[in-house]
Amino acid sequence: MPQFSWSTFLTSLELVKRLPVEKVSIFSTKEQQGDEYFLESGRDIRLFFEEEAKCHPEYLKTHKEQVVNKIGHALHDLDPVFRSFSRSDSIKSLALQLGFQKPIPVQSMVIFKQPFVGGEVRPHQDSTFLYTSPPSCVGLWWALQDATIDNGCLWVLEGSHRCAVHKRMCRTPDGKSVYMYEENSMDCNYTKLENYKPIECEAGSLVILHGSLWHFSCKNKSSQSRHAYSLHLVEGKDTVWSPDNWLQPFKLRFEPL
Ligand SMILES: O=C(O)CCC(=O)C(=O)O
Ligand SMILES: [Fe+2]
């Protein structure tokens, strides 16, 4: 198993300090992220904030490290420390063991689940956002801190990796916003939260998420943060990256491991 490189964690804290608060972009899984700042973050490194930050713009400027929700989405290409970790031999070897022939990292995020304000991530399948034909997305999620029920660990719907990809988030033809599209009818009941199981794990643990697996995480109501690094791979051999995915390679081409 690829060991997490702790220098990447320190780098993410440095990035939060260094990156400008150009725009108070709030990350929410309740509303669609249709704005330009989000849509162009696929091939850049950008900061997103908790909903609470919207009401406290001054606080955000002085204490952004306490209200940052995530940094994304091309750390694995653009930041040298994240790049060397995300493209290490051990991650490539893991991807090959998982059955990838030409693994391509397409998205990376440091997800901060801050004490008291860290927001929920609603139930979803990762292939909804990173769709290939046929679907091939796999998420690698490292706990940077112990993840518990109290601080908002992942919850997964066992067996749902066998479900079809229910919805897709697509870019509108003008490229300026996104909409949800029902790709397949609902073949598993993902709405019953009591059927999900918590994945509590220690700092450094790696959780591998099949792109069709339904998962969510709750708001962090505790005083302990629950930060994570998440890297998504897709298959580059005999698959097609959907031209209407929100995340497009544009000038920064996708590069296999
Ligand atoms: O860390 C979380 O709470 C959610 C992460 C997630 O959905 C992902 O990495 O695919
Ligand atoms: Fe996810």
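In what follows, the structure referred to is the one given above.
Source: prediction; values computed, not measured. (Residues numbered from 1 in each chain as written. Chains lettered and ligands numbered in written order. Predicted model: local features only at pLDDT ≥ 70, side-chain atom pairs only at ≥ 80, totals over all residues. Heavy atoms only, no water.)

1. Looking at the coordination of the iron ion (ligand 2)
Part 1 of the reasoning: Within the protein, His 124 (NE2), Asp 126 (OD) and His 215 (NE2) serve as the donor atoms for the iron ion (ligand 2), at 2.1 Å.
Part 2 of the reasoning: Along the chain, the residues that donate to the iron ion (ligand 2) are spaced as H-x1-D-x88-H. Placement of the pair is His 124 in strand E4 (residues 121-124) and His 215 in strand E12 (residues 215-217), with a sequence separation of 91 residues. Like His 124, the residue His 215 is buried in the burial classification. (Donors = N, O, S within 2.8 Å, 3.2 Å for Na, K, Ca; no water. Helix = DSSP H or I, 4+ residues; strand = E, 2+ residues; numbered from the N terminus. Buried < 20%, exposed > 50% of the residue type's maximum accessible area, 1.4 Å probe, protein only.)

2. A few points about a nonpolar patch on the surface
Part 1 of the reasoning: A cluster of nonpolar side chains, contributed by Met 1, Leu 98 and Ile 208, occupies part of the molecular surface with about 300 Å² of accessible area.
Part 2 of the reasoning: Assignment of secondary structure puts Ile 208 in strand E11 (residues 206-210). (Patch = residues over 30% accessible without salt bridge, like charges linked within 9 Å, V, L, I, M, F, W, Y side chains within 5 Å. Areas by Shrake-Rupley, 256 points an atom, 1.4 Å probe, with all protein chains shown as cover. Salt bridge = Lys/Arg side-chain N within 4 Å of Asp/Glu carboxyl O.)

3. Remarks on the packing of aromatic side chains
Part 1 of the reasoning: The tally for this structure, following the rule as stated, stands at 11 aromatic pairs.
Part 2 of the reasoning: On the basis of an interplanar angle of 25 degrees and a centroid distance of 4.4 Å, the ring pair of Phe 38 and Trp 246 is categorised as stacked. Here Phe 38 is found in helix H2 (residues 36-39), whereas its partner Trp 246 is found in the segment after strand E14 (240-241), with 208 residues between them in sequence.
Part 3 of the reasoning: Relative to Phe 216, the ring of Tyr 196 has its centre 4.9 Å away and its plane inclined at 70 degrees; by these criteria the two rings are edge-to-face. Taken together, the residues span a long stretch of sequence, with Tyr 196 in the loop between strand E9 (178-182) and strand E10 (197-199) and Phe 216 in strand E12 at a distance of 20 residues.
Part 4 of the reasoning: Residue Tyr 196 is classed as buried on the basis of its relative accessible area, which comes to 4%.
Part 5 of the reasoning: The exposure class assigned to Phe 216 is buried, which follows from its relative accessible area of 7%.
Part 6 of the reasoning: Here a set of aromatic residues connected by ring pairs shows up, and it is made of Tyr 37, Phe 38, Phe 48 and Trp 246. (Phe/Tyr/Trp six-rings, centres within 6.5 Å; stacked < 30°, edge-to-face > 60°.)

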